[in-house]
Amino acid sequence: MTDRKPLIIVAAISMVMTTILYAGGMFYISGFLPPPSPALSQLEVVSFYQQNHTAIITGLTMAFVGTGFMLPLCVIGSVFMAEVEEGFPYFSVMQALCALATVIFTALPNFIWMTAAFRVDRSPELITLLHDLGWIMWATPSWGFAFQLICVAVVGLKDKRAKPFIPRWMSYLALWVAVGVAPTPLVPFFVEAGPFAWNGLFTFWVAFFSPILWIAILFVLIVMNIRNNQRHEQVDLEGNLEGSRL
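Quantities reported herein were computed from a predicted structural model and do not represent experimental measurements.

So, the side chain of Thr128
Argument step 1. Positionally, Thr128 belongs in helix H6 (residues 124-139).
Argument step 2. Other than its neighbours up to four places away in sequence, Thr128 contacts Gln42, Val45 and Val46.

Considerations on a nonpolar patch on the surface
Argument step 1. Together, Leu33, Leu201, Phe202, Trp205, Phe209 and Ile212 give the surface a local cluster of nonpolar side chains, amounting to about 520 Å² of exposed area.
Argument step 2. Topologically, Ile212 is positioned in helix H9 (residues 201-245).

Describing the pattern of salt bridges
Argument step 1. Within the structure shown, the criterion is met by one salt bridge.
Argument step 2. One salt bridge connects Lys158 with Glu85, and the closest N-O pair in it is separated by 3.8 Å. With Lys158 in helix H7 (residues 143-158) and Glu85 in the loop between helix H4 (70-82) and helix H5 (90-118), the pair connects residues that are 73 residues apart, well separated along the chain.
Argument step 3. Given the relative accessible area of 8%, Glu85 is considered buried.

A look at the side chain of Thr203
Argument step 1. Looking at the element boundaries, Thr203 is found in helix H9.
Argument step 2. At a separation of 3.3 Å, a polar atom in the side chain of Thr203 contacts the main-chain carbonyl oxygen of Phe196.
Argument step 3. A polar contact of 2.3 Å, which involves the side chain of Thr203, links it to the backbone oxygen of Ala197.
Argument step 4. Beyond its immediate chain neighbours, meaning those up to four positions away, Thr203 contacts Pro183, Thr184, Val187, Pro195, Phe196, Ala197 and Trp198.

Some details on the packing of helix H2 (residues 42-51) against H6
Argument step 1. Orientation of H2 relative to H6, taken along the N-to-C sense of each, is 80 degrees, at an axis distance of 9 Å. Classified by the angle between their axes, H2 and H6 sit roughly perpendicular to one another. From H2, Gln42, Val45, Val46 and Tyr49 reach across to H6, where they touch Pro124, Glu125, Ile127, Thr128 and His131.
Argument step 2. Looking at the contact of H2 with H6, its residues break down into five nonpolar, three polar and one charged.

Procedures and definitions
- Each chain has its residues counted from 1, running along the sequence as written.
- The predicted nature of this model means local features are confined to residues of pLDDT at least 70 and side-chain atom pairs, given and counted, to a pLDDT of 80 or more, with totals for whole chains, interfaces and linings taken over all residues.
- To obtain the side-chain values, all non-hydrogen atoms of the structure were included, while hydrogens and water were left out.
- To qualify as a helix, a DSSP run of H or I must reach at least 4 residues; to qualify as a strand, a run of E must reach at least 2; elements of each kind are numbered from the N terminus.
- Here a residue-residue contact requires only that any non-hydrogen atoms of the pair lie within 4.5 Å.
- Patch rule: a residue counts if its relative accessible area is over 30% and it has no salt bridge; like charges are joined within 9 Å, and nonpolar side chains (Val, Leu, Ile, Met, Phe, Trp, Tyr) within 5 Å.
- Note that accessible areas follow from Shrake-Rupley with a 1.4 Å probe, and for residues the cover is restricted to the protein chains shown.
- Every case where a carboxyl oxygen of Asp or Glu lies within 4 Å of a side-chain nitrogen of Lys or Arg is listed as a salt bridge.
- The buried label goes to any residue with under 20% of its type's maximum accessible area, the exposed label to any with over 50%, and the partly exposed label to all in between, with areas taken from a 1.4 Å probe on protein chains only.
- We define a polar contact as two N or O atoms separated by no more than 3.5 Å, with the added condition that, inside protein, one atom must be a possible hydrogen donor and the other a possible acceptor, whereas residues neighbouring each other in sequence contribute only through side-chain atom pairs.
- Only the stretch in contact is used when fitting a helix axis, every axis being a line fitted to C-alpha atoms; angles between N-to-C directions are given from 0 to 180 degrees.
- Each angle gets one of four labels, with under 35 degrees taken as roughly parallel, over 145 as roughly antiparallel, 65 to 115 as roughly perpendicular, and the rest as oblique.
- Side-chain classes are defined by residue name, with Ala, Val, Leu, Ile, Met, Phe, Trp, Tyr, Cys and Pro counting as nonpolar, Asp, Glu, Lys and Arg as charged, and the others, Gly among them, as polar.

Nothing here speaks to function; it is geometry throughout.
This is the structure we're talking about:
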């Protein structure tokens with residue numbers, strides 16, 4: 001059994017740094033919350049980058065660094081999953097590989113948007129092209145995270161121990177969140193507005209924030225599980241010592 005306490009510490013640091021750097025940089029400093037509407041005119045898009053030039057570059061640089069802190073959390077998740085699987089941990093490895101794809105496609109759009117803001121005197125057509133490319137790349141490939149959730153759900157449901165590491169309802173919730181993430185490939189078909197546009201209800205608000213909420217709940221449950229196990233181990237140890245004295 002892996003000593004989980006150091007891993008939990010690393011996972012906690014990973015979550016905090018990702019939240020501060022990525023969410024703070026992209027959404028607060030860069031001003032990408034809510035995302036600019038895909039219905040913006042070319043003039044409005046160019047004006048957005050010209051007026052927020054420094055803030056966009058600063059915030060997206062922070063966000064790019066923040067994406068790097070996502071990987072430790074996902075790798076640690078695979079370590080915990082591998083403890084449940086028997087034989088070769090297929091789903092644990094698959095989750096880690098999908099996590100790598102998720103991180104890559106989360107990081108790359110930052111470079112594209114920074115390029116759009118880097119030379120705001122370039123032609124409006126190029127700035128708009130980079131703007132659209134960044135948002136389509138950012139919003140569309142959420143399938144990677146959907147596969148992560150499916151892998152976690154499968155391993156969670158395979159855990160037949162008396163005290164599973166995560167409750168079964170979290171596995172079913174993971175499948176529902178994966179379904180909520182599934183509509184993101186529809187983004188390129190909604191170039192004006194609607195629930196499936198890159199700033200829409202399903203492809204942004206549901207697809208982005210429901211996985212964050214699920215991860216936060218999972219982390220709390222894991223920490224509580226470890227603490228409860230430590231208490232039980234301490235009680236058992238004290239009981240054994242008391243018995244040996246008698």
